[in-house]
Structure formats: structure tokens, C-alpha cells
Amino acid sequence: MSKARPQGEPEIVWQGKYILVKKLGTWEFVGRTRGVTAAVILAVDKGHVILVEQYRVPIGCQCLELPAGLVGDEEAGEEVASAAIRELEEETGYRAKRVVNLGRFHASPGMSSEGFTLLRAEGLTKVGEGGGVAGEDIVVHRVPLAELPALIERKRAEGAAMDVKLLLLLGAGFLAPVS
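Here's a quick rundown of the structure. (Residues numbered from 1 in each chain as written. Predicted model: local features only at pLDDT ≥ 70, side-chain atom pairs only at ≥ 80, totals over all residues. Heavy atoms only, no water.)

## A few points about the overall build of the protein
Working step 1: Scanning the protein from N- to C-terminus turns up three helices and eleven strands.
Working step 2: The N-to-C order of helical and strand elements in the protein reads β-β-β-β-β-β-β-α-β-β-β-α-β-α.
Working step 3: Overall, the C-alpha framework of the protein stretches about 50 × 50 × 30 Å when taken along its three principal axes.
Working step 4: Buried positions account for 35% of the 179 residues belonging to the protein.
Working step 5: The contacts of the protein with a sequence gap of at least 6 include a subset with a gap of at least 24, amounting to 58%.
Working step 6: On the protein, roughly 11,000 Å² of surface is accessible, and the fraction owed to carbon and sulfur atoms is 55%.
Working step 7: Positive and negative charge centroids in the protein, built from 21 and 24 side chains respectively, lie 5 Å apart. (Helix = DSSP H or I, 4+ residues; strand = E, 2+ residues; numbered from the N terminus. Buried < 20%, exposed > 50% of the residue type's maximum accessible area, 1.4 Å probe, protein only. Contact = heavy atoms within 4.5 Å. Areas by Shrake-Rupley, 256 points an atom, 1.4 Å probe, with all protein chains shown as cover. Lys, Arg positive; Asp, Glu negative; His and termini not counted. Charge placed at Lys NZ, Arg CZ, Asp CG, Glu CD.)

## Quick notes on the nonpolar core
Nonpolar side chains tend to gather and get buried jointly when the protein is soluble and globular.
Working step 1: Leu 51, Leu 64, Leu 66, Ile 152 and Leu 166 are the most contacted members of the largest nonpolar core, which totals 17 residues.
Working step 2: Elements with a contribution of two residues or more to this core: β4 (37–45), β5 (48–56), β9 (116–126) and α2 (148–157).
Working step 3: With residues near it in sequence (within four places) discarded, Leu 66 still touches Val 40, Ile 41, Leu 42, Leu 51, Val 52, Leu 118, Lys 165, Leu 166, Leu 168 and Leu 169.
Working step 4: Ranked by size, the runner-up nonpolar core spans 14 residues in total, among them Ala 39, Ile 50, Leu 88 and Ala 121. (Core = buried A, V, L, I, M, F, W, Y, C linked by side-chain atoms within 4.5 Å.)

## Digging into the pattern of salt bridges
Working step 1: Within the structure shown, the criterion is met by twelve salt bridges.
Working step 2: Between Arg 142 and Asp 45 there is a salt bridge; the shortest N-O distance is 3.1 Å. In this pair, Arg 142 sits in strand β10 (residues 139–144) while Asp 45 sits in strand β4, placing the two residues 97 residues apart along the sequence.
Working step 3: Assessed through its relative accessible area of 10%, Asp 45 is described here as buried.
Working step 4: Within this structure, Glu 53, Arg 154, Lys 155 and Glu 158 form a network of salt bridges that share partners. (Salt bridge = Lys/Arg side-chain N within 4 Å of Asp/Glu carboxyl O.)

## A few points about the sheet that holds strand β3 (residues 27–32)
Working step 1: Spatially, the three strands line up as an open sheet ordered β1-β2-β3, and their pairing is antiparallel. In this open sheet, the two edge strands, each paired with only one partner strand, are β1 (11–15) and β3. Averaged over all pairs of adjacent strands, the angle between strand axes in this sheet comes to 30°, irrespective of strand direction.
Working step 2: The pairing of strand β2 (residues 19–24) with β3 spans six bridges and is antiparallel. The residue of β3 that forms the bridge with Lys 22 is Phe 29. (Pairing = 2+ DSSP bridges. Axes fitted to C-alpha atoms, helices over the stretch in contact; angles between N-to-C directions.)

## Concerning the packing of aromatic side chains
Working step 1: A complete count under the given rule lists one aromatic pair for this structure.
Working step 2: Here Phe 105 and Phe 116 contribute two aromatic rings whose centre-to-centre distance is 5.9 Å and whose plane-to-plane angle is 25°, an arrangement assigned as stacked. One end of the pair, Phe 105, is in strand β8 (residues 94–105); the other, Phe 116, is in strand β9, with eleven residues separating them in the sequence.
Working step 3: On the basis of relative accessibility, which here comes to 11%, the residue Phe 116 falls in the buried class. (Phe/Tyr/Trp six-rings, centres within 6.5 Å; stacked < 30°, edge-to-face > 60°.)

## Describing the side chain of Asp 163
Working step 1: Note on placement: Asp 163 falls in the loop between β11 (161–162) and α3 (167–175).
Working step 2: A residue is classified by how much of its surface remains accessible, and Asp 163, at 17% relative accessible area, is buried.
Working step 3: Leave out the neighbours within four places in its chain, and Asp 163 touches Cys 63, Leu 64 and Glu 65.

## Section: the side chain of Glu 53
Working step 1: On the secondary structure map, Glu 53 appears in strand β5.
Working step 2: Glu 53 gets classed as buried once you look at its relative accessible area, which sits at 7%.
Working step 3: A polar atom in the side chain of Glu 53 sits 2.7 Å from the side chain of His 141.
Working step 4: Beyond its immediate sequence surroundings of up to four residues, Glu 53 is in contact with Gln 62, Cys 63, Leu 64, Asp 137, Ile 138, Val 139, His 141 and Lys 155. (Polar contact = N/O pair within 3.5 Å; in protein donor to acceptor, adjacent residues only side chain to side chain.)

Structure (C-alpha cells):
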């Protein structure tokens, strides 16, 4: 196994308001501007997982996802926990008393430097309808954990994409041997 790594600082090839493209050696990758990162929220309420569905321009279709949002996009220095609590309520209408940090993860490290912090929401209370801010048009799903595979199958049949973070909830089923 080669341990050779590109040397030097990445060169910014292109930069927009929200993302940038960098190059280091032969690697080209994207990242977020201004040090913005993401918070992803695992919210389970009395055996039901709270999911969101929304249209995603890069993939051109609806996508079923865990609730998530950007940290520091509107307020520099925003704490990850505060952003997670805010985004959960904004997107789903559920308020968490607290969140537990489950660690930092990267969904596509060969293409993007973007990472996210996964947080478990605890002490959930329904306080609104959710749906996100103007223009997001988020659909909220409260699904019994046992029915999640059926929802995913139905949504796929409808043409929806599945966010990779749903594997967190499907993992044990994927590991079970097929008889």
C-alpha cells in the first residue's frame, strides 16, 4: 500500500458563494466556503424515527433523509448542538431538550471535504408542523422503526433517492444472512 500523499496546500480552482472546488496534486474535490459544516440529527420518538423528504437539485429528485442543516451559515461561531436543535425544529416541528454528539463523519471523502456531526436528539416534543424555511418544501415522516424498510422500498418505487445516512437505521437488516 502506497503512503504517498500530495504535498502542499490545495489550490482553489473555483469558488462560489456556498461551495468551492480545490485541487491538490491530481485530486480535485469540493468543499463548503467559510468553514461551514453540517449537523445531522437522529431523532427517534417512542419507537418512531423522524425523517424528512425534499427535492435535491444535484440529484434531480426527492430524497429521503435524516433531518440536517448547516452550522454557521447564518451566524459565525454557531455551536453544533444549537444548530442541530434549531434545524430539527425548523425542518420537522420537533423540539429536542438536548442532543448527544455521536461523532464526526464524512459521507463521500473521495470527492468532498465536507463532513458532518451526527447528533442524537433526546426529549422530543412536537411544537409545530415543520417543513423548513420558505422554499424548502420539506415533507416530514414519522415512521415506526420496524416499517422503515417498507417506506424506503415504497419511496424508491416512487423515484425518490435515499441519503446514505439512512444506512445507520438499516444496518442490522443488511447484515442479517439471507436464508
